[in-house]
Amino acid sequence: SSGSIGHALSGGLGMCLAQRFTGEVYDVFVMLGDGEMQEGQVWEAAMSAAHHKARHLIAIVDRNGFQLDGEVDDVIGIEPLDEKWRAFGWEVHVIDGHNIAEVTETLRRVKADETRDKPVCIIAKTVKGKGVSYMETEPGWHLGYLDPEDAKRAIAEIEAMEI
Ligand SMILES: [Mg+2]
């Protein structure tokens, strides 16, 4: 992640391109919020990554439908998100971000594909606050204060989840 919203993808691309100077080979993972899809910086980096065939760059978009100011679609709609990433030259996978088997299998397949010549975007569909009844889809918890009793309840509910 990074400080100013939208800048992590550019940073990740820079780390990927640095491999061409150092000779090292590694994957770079960048986590992005869906609200970040409204930032021009993201799309500049996306276009540049495809141009440079940054195959070791893997962006994971947390598609939870919410951002600081409320629902993403009420602020600035971002769909069709998968088509946008494909149009920018990326390989795209749309997955259930709460299905750990699907997450790990997608990452395994991406890692195993040595013929790919483009960056990868994994759009992980998620529920904001998943598993905590009073937080699920509540945008107020984006910056909400968690008092000790709230924390105890949240931990108990998460521990009771079936994964
Ligand atoms: Mg979000």
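Preceding this paragraph is the structure being described.
First, a word on what this report is: a plain description of the structure on this page. Note that this is a predicted model, so its numbers are computed, not measured. Think of each chain on its own: its residues are numbered from 1, step by step along the sequence as written. Reporting in this predicted model follows two pLDDT cut-offs: at least 70 for local features of residues, and 80 or more for side-chain atom pairs to be given and counted; totals over whole chains, interfaces and linings ignore these cut-offs and use all residues. With hydrogens and water set aside, each side-chain value is computed from the structure's full complement of heavy atoms.

1. Details of the environment of Gln67
Runs of H or I in DSSP of at least four residues are treated as helices and runs of E of at least two as strands, each being numbered from the N terminus. With respect to the helices, strands and loops of the structure, Gln67 is situated in strand β3 (residues 66-67). For Gln67, a relative accessible area of 11% translates into the label buried. The spacing of Gln67 and Asp34 is 33 residues in sequence and 7.3 Å in space, taken between C-alpha atoms. Here a polar contact is taken to be a pair of N or O atoms separated by no more than 3.5 Å, where protein atoms must pair a possible hydrogen donor with a possible acceptor and residues adjacent in sequence count only if both atoms sit in side chains. In this structure the side chain of Gln67 is engaged in a polar contact, spanning 2.8 Å, whose partner is the side chain of Gln38. Relative accessible area decides the class of each residue, using a 1.4 Å probe on protein chains only: under 20% of the type maximum gives buried, over 50% gives exposed, and in between gives partly exposed.

2. Digging into the packing of aromatic side chains
Note on aromatic pairs: the rings of Phe, Tyr and Trp (six-membered ring only in Trp) are paired at centre separations within 6.5 Å, and the planes decide the class, stacked below 30 degrees, edge-to-face beyond 60, tilted for the rest. Summed over all chains, the structure comprises 4 aromatic pairs. With a centroid separation of 4.9 Å and an interplanar angle of 50°, the aromatic rings of Trp43 and Phe88 are classed as tilted. Here Trp43 is found in helix α2 (residues 40-51), whereas its partner Phe88 is found in the loop between α4 (81-87) and β5 (91-96), with 45 residues between them in sequence. The class for Phe88 is partly exposed, based on a relative accessible area of 27%. Through pairs of rings, three or more aromatic residues link up here, namely Trp43, Trp85, Phe88 and Trp90.

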